[in-house]
Structure formats: C-alpha cells, structure tokens
Amino acid sequence: MSKITTPYRYDFVGSFLRPQRLKEAKISFQNNEITQEAYDEIVNEEITKVVAKQKELGFHVITDGEFRRTFWHLDFMWGLEGVAHENTGNGVKFDAELAVLDDTYLVGKIKAKAHPFVEYFKFLKQFEDENTVAKYTIPAPAQTFQQMVVPMNLENTRKYYATNKELIKDIGKAYQEVIKQFYDAGCRNLQLDDCTWGAVVGDAAALRYKSLGENLEDVKQQLLEVNNLALEGKPEDMVITSHICRGNYHSTFFTSGPYDTVADYVFAKENVDALFLEYDDERSGGFAPLAKVSEDKTVVLGLITTKSPVLEDKKTVIKRINEAARYIPLDRLCLSPQCGFASCEIGNKLTEEEQWAKLRLVKEIAEEVWGE
C-alpha cells in the first residue's frame, strides 16, 4: 500500500473532462446499441488512460476522473438504501444556465448497503504504486442531508423523518458504514465534496433562508453536526479531506460570498484532515478567514480556475499564496485547481489539453514555492 497521503503540495479535486470516446459510448449504451459489458469495458479503458496521464504529469494522487458517474453527488446518493431518482428535466438554476439534475428523493429510511462506489475504488486502487496513492471522492454527508431538506423535497422527507435530527442521525450512521467499506477495500484517502457551506455564504443566501423562515445559524450547526457525526470512529490511518465548493456546472457557478460567515464552523470545528478551498476569483473573498482554521488541518488553495481555459499568471498566483501565508503557515498550505473539471459529465468549457495545462501550471508553481 502506498505511503503517500493527501493532500500533496500540488493536488487536484478529482473530476476530469470525459473523453469523446466515453461520451459516445454512453449514448450508444443508452440507445441499446451496445451492451452493459461493452460499455463497462470502454469505461475501464478510459479510466486506465486518465490515470496514466495523471502519472505522466508527475502527480502523486490519482483518481478515476469520476468517469463512472453522471453527477458528482447524486450518483453516490442513489447507492444508499431509501433513495430513489428520476430524470424529469428539472434542475437547479446556476448563474448562467439551468443545471439539469435528476430529481433525487427518499422512498424510505436512509441506510448503508454494499455501495457500488467501493467497487469503483477497487478498480482504481490497482494503479497505485510507490509514487502514487488512489483518492476517491464522494459528496459530503451535509450534501445528502441538504438534498433531502430542500423545499421541493421536504414534504416528502417528512413522511420518513419527523425531524431533521432524526435524518441527520441516519445519514451519519450510513456514512460511517460506507467509510468502513472504503477502508476495508484499502482506501486511505477519501474526499468529501461539499457545496453546502458555499450555499450559505453571502448576502443572497441570508435572504434566501430568511424567506424560508429558517435561522441560518441553525442551518450551519446542522451541516457541521451531520459531517462530524459521519466522521466519528474513522480509522486513524485514513485521511479524510473536504472540498468546499460554490457550484461548478458547465463553467458556471451557483453562489458567491466570502468564507467569513462559515469559518467558525467548518474551518474551526469540522473534523477533517484538510480543506480544499475555492479561491480562484473575487467571489471567494479574502484570506483572513484562514486564521480560523484549526491547527490540525492543512489547507489546499484552489487558486487555479477550472471554469476557463485561460492560464493564470504564475507570479500572481505565488503572490496570493504568500498573502494566504499571513494567516496560516506556508508549510500547512498546498495548491490545486479550485474545483473539478467536470463535476457533472457535461464538463466545463475547455479542452482536455487545456485541462492538462492547468495541472502542469499547478505543479510548476508548487515546486517553485515549496521546492517539492
């Protein structure tokens, strides 16, 4: 088993643009033109290629690019007992377009069962070597909780859970069991992708929750509670990190706002080993909230955008890293793109080569700043 752990000085969030061959195979499979077995073989081949590319670029963390899923978060939820979904053409309004997502809702109590993502991880793990470690990404417990209590789902959820506290308890327990499944499969590096904190920052979020008659501080406390409950009893030699996101769909975003109003919760009190934070533009605010990060956490600065093919200026990025180091020691900082390149299979608006150029830039800057 690899002794490398995440995050590395130069790292990435996890998802990559789907190759054209994979996109075409998905359409052929959906049209019953190829079998499940033929489709799975193509997926396996494309994952093998994308892992090889990550190694070629000199990265020490490998993922499967999330090639087996349609959505970064919903596919995982479908692997829990009590969750169902349907494609109705509905979605969530992002800044510039509608993110078309499957309706995902409860049909019973949430429980863990043998999760398909664990099998997906086992395929990835075979590519680990002395220079690389396999990382798997799943949506944070708070993301699953939030999915079930959004206005369009709340009435249905109340058929199964009279209170949010009961729902939090079951989600936390289910995640504990899935985390154990990953551990037993040899996973030592797990990343929780979490848009819930990004959805409660900024003035727009405050107005939205006020219109719903909810106390925003209570909401934050619930997000913290469900995430930390899921982490209770996690193995000591398992690194679990969190990627805090403001939404990423076809190069658009969901929310804007600085971390100031959530730092006392997620930065100070969430029991993860590291935080991957978006800092690619002014929507993220300043670095001052980093002073609230507890001393046992590493911070990965997402200073390179995945939403645009334009390469950042190296000197500007290094200057920003040094600015962040005013609030948290440089040796507790790392560098990565701010998000995945394809949180959903539609992907962001750049080419595969432009995607790899972004990763090359991340590695070059990190080696210049930290010498490793």
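Residues numbered from 1 in each chain as written. Predicted model: local features only at pLDDT ≥ 70, side-chain atom pairs only at ≥ 80, totals over all residues. Heavy atoms only, no water.

Chemist: Give me the lowdown on the overall build of the protein chain, citing residues and values where you can.
Modeler: A count of helices and strands for the protein chain gives twelve helices and twelve strands. Relative to the compact-globule value of 21 Å for 372 residues, the protein chain shows a C-alpha radius of gyration of 19 Å, a close match. Counting across all 372 residues of the protein chain, residues that qualify as buried make up 58%. Counted over contacts in the protein chain with a minimum sequence separation of 6, partners at least 24 positions apart contribute 79%. With the model as given, the accessible surface of the protein chain reaches about 15,400 Å², and the carbon-plus-sulfur share is 50%. Side chains of the protein chain give 45 positive and 59 negative charges; the mean places of these two sets differ by 2 Å. (Helix = DSSP H or I, 4+ residues; strand = E, 2+ residues; numbered from the N terminus. Rg over C-alpha atoms; globule rule 2.2 N^0.38 Å. Buried < 20%, exposed > 50% of the residue type's maximum accessible area, 1.4 Å probe, protein only. Contact = heavy atoms within 4.5 Å. Areas by Shrake-Rupley, 256 points an atom, 1.4 Å probe, with all protein chains shown as cover. Lys, Arg positive; Asp, Glu negative; His and termini not counted. Charge placed at Lys NZ, Arg CZ, Asp CG, Glu CD.)

Chemist: Mind laying out the pairing of strand 8 (residues 189-194), listing which residues take part and the relevant values?
Modeler: Where burial is concerned, most of strand 8 is hidden: six out of the six residues are buried. Burial along strand 8 is two-sided: N189, Q191 and D193 and L190, L192 and D194, pointing in opposite directions, are all buried. Here four bridges tie strand 7 (residues 136-139) to strand 8, and the two strands are oriented parallel to one another. In the sheet register, Y136 faces strand 8, and the bridge partner there is L190. When strand 8 meets strand 9 (residues 239-244), the two strands line up parallel, connected through six bridges. (Pairing = 2+ DSSP bridges.)

Chemist: Describe the sheet that holds strand 7, with residues and values.
Modeler: Strands sit in the order 7-8-9-10-11-12 across an open sheet of six strands; the sheet is parallel. The open sheet is flanked by strand 7 and strand 12 (333-337), the only strands paired with a single partner. The average undirected angle you get between the axes of adjacent strands in this sheet is 25°. Of the strands in this sheet, strand 7, strand 8 and strand 9 touch helix 7 (residues 164-184), which is tilted by about 170° from strand 7. (Axes fitted to C-alpha atoms, helices over the stretch in contact; angles between N-to-C directions.)

Chemist: Give me the nonpolar core: which residues, what numbers.
Modeler: If you look at the biggest cluster of nonpolar residues, it comprises 107 residues, and the most contacted ones within it are F182, L290 and L301. The contact partners of L301, leaving out residues within four places of it in the chain, are L277, Y279, F287, L290, I321, A324, L333, C334, L335 and S336. (Core = buried A, V, L, I, M, F, W, Y, C linked by side-chain atoms within 4.5 Å.)

Chemist: A description of the packing of helix 5 (residues 141-149) against helix 9 (residues 216-231) should follow, citing residues and the corresponding values.
Modeler: The N-to-C vectors of helix 5 and helix 9 enclose an angle of 130°; their axes lie 8 Å apart at closest approach. Relative to helix 9, the element helix 5 is oriented oblique. Here the hand of the crossing between helix 5 and helix 9 comes out right-handed. Across the interface between the two elements, P141, A142, F145 and Q146 from helix 5 touch Q222, L223, V226, N227 and A230 from helix 9. Across the contact of helix 5 with helix 9, the residue classes break down as six nonpolar, three polar and no charged. (Parallel < 35°, antiparallel > 145°, perpendicular 65-115°, else oblique. Left-handed = near helix turned anticlockwise from the far one by under 90°. Nonpolar A, V, L, I, M, F, W, Y, C, P; charged D, E, K, R; others polar.)

Chemist: Can you tell me about a positive patch on the surface, naming the residues and giving the values?
Modeler: A cluster of like positive charges, contributed by K109, K111, K169 and K173, occupies part of the molecular surface. If you list the elements that add at least two residues to the positive patch, you get strand 5 (103-111) and helix 7. If you trace the backbone, K109 turns up in strand 5. Classification of K109 as partly exposed rests on a relative accessible area of 38%. (Patch = residues over 30% accessible without salt bridge, like charges linked within 9 Å, V, L, I, M, F, W, Y side chains within 5 Å. Salt bridge = Lys/Arg side-chain N within 4 Å of Asp/Glu carboxyl O.)

Chemist: Please provide a residue-by-residue account of the packing of helix 7 against helix 9, values included.
Modeler: In the contact formed by helix 7 and helix 9, the axes pass within 7 Å of each other and the chain directions differ by 30°. Taken as axis vectors, helix 7 and helix 9 run roughly parallel relative to one another. By crossing handedness, the relation of helix 7 to helix 9 is classed as right-handed. The residues of helix 9 that touch helix 7, namely those facing N164, K165, I168, K169, I171, G172, Y175, Q176 and I179, are Q222, E225, V226, L229 and A230.

Chemist: Which residues make up helix 9, and what values go with them?
Modeler: An ideal rise of 1.5 Å per residue puts 22 Å on 16 residues; helix 9 measures up with 23 Å between its terminal C-alpha atoms. Among the residues of helix 9, those classed as buried are L216, V219, K220, L223, L224, V226, N227, N228, A230 and L231. For helix 9, the secondary structure elements touched by its buried residues are helix 5, helix 7, strand 8, helix 8 (202-211), strand 9 and helix 10 (263-269). Residue G233 follows helix 9 closely and has a positive phi angle near 80°. (Expected span 1.5 Å × (residues − 1).)

Chemist: Run through the packing of aromatic side chains, naming residues and quoting values.
Modeler: Each pair of aromatic rings is reported with the distance of its centres and the angle of its planes. Here the structure, examined in full by the defined rule, presents 20 aromatic pairs. Geometrically, the ring pair formed by F117 and Y120 is tilted, given 5.4 Å between the ring centres and 35° between the ring planes. With F117 and Y120 both in helix 4 (residues 116-125) and three residues apart, the pair spans about one turn of that helix. Note on F117: relative accessible area 2%, which makes it buried. The structure contains a cluster of three or more aromatic residues connected by ring pairs, namely Y8, Y10, F12, F16, F59, F341 and W356. (Phe/Tyr/Trp six-rings, centres within 6.5 Å; stacked < 30°, edge-to-face > 60°.)

Chemist: Hey, could you go over unusual backbone geometry for me, with residue numbers and the actual values?
Modeler: The omega torsion of the bond from T6 to P7 falls at -5°, within 30 degrees of zero and hence cis. Structurally, the position occupied by P7 is in the segment before helix 1 (20-30). For N32, which is not a glycine, the phi torsion comes out positive at approximately 60°. A residue is classified by how much of its surface remains accessible, and N32, at 70% relative accessible area, is exposed. The backbone phi angle of E66 is positive, close to 60°, even though this residue is not glycine.

Chemist: Run through the pattern of salt bridges, naming residues and quoting values.
Modeler: One pass over the structure, following the stated rule, counts 19 salt bridges. Here E119 and K122 are joined by a salt bridge, their closest N and O atoms 3.1 Å apart. With a gap of three residues between them, E119 and K122 both fall in helix 4, about one helical turn apart. On the basis of relative accessibility, which here comes to 47%, the residue E119 falls in the partly exposed class. Across the pair K234 and D273 runs a salt bridge whose closest N-O atoms are separated by 3.5 Å. With a gap of 39 residues between them, K234 in the loop between helix 9 and strand 9 and D273 in the loop between helix 10 and strand 10 (274-278) connect regions that are remote in the sequence. Its relative accessible area of 28% is what places D273 among the partly exposed residues. Because the salt bridges share partners, they merge into one network encompassing R21, E45, E46 and K49.

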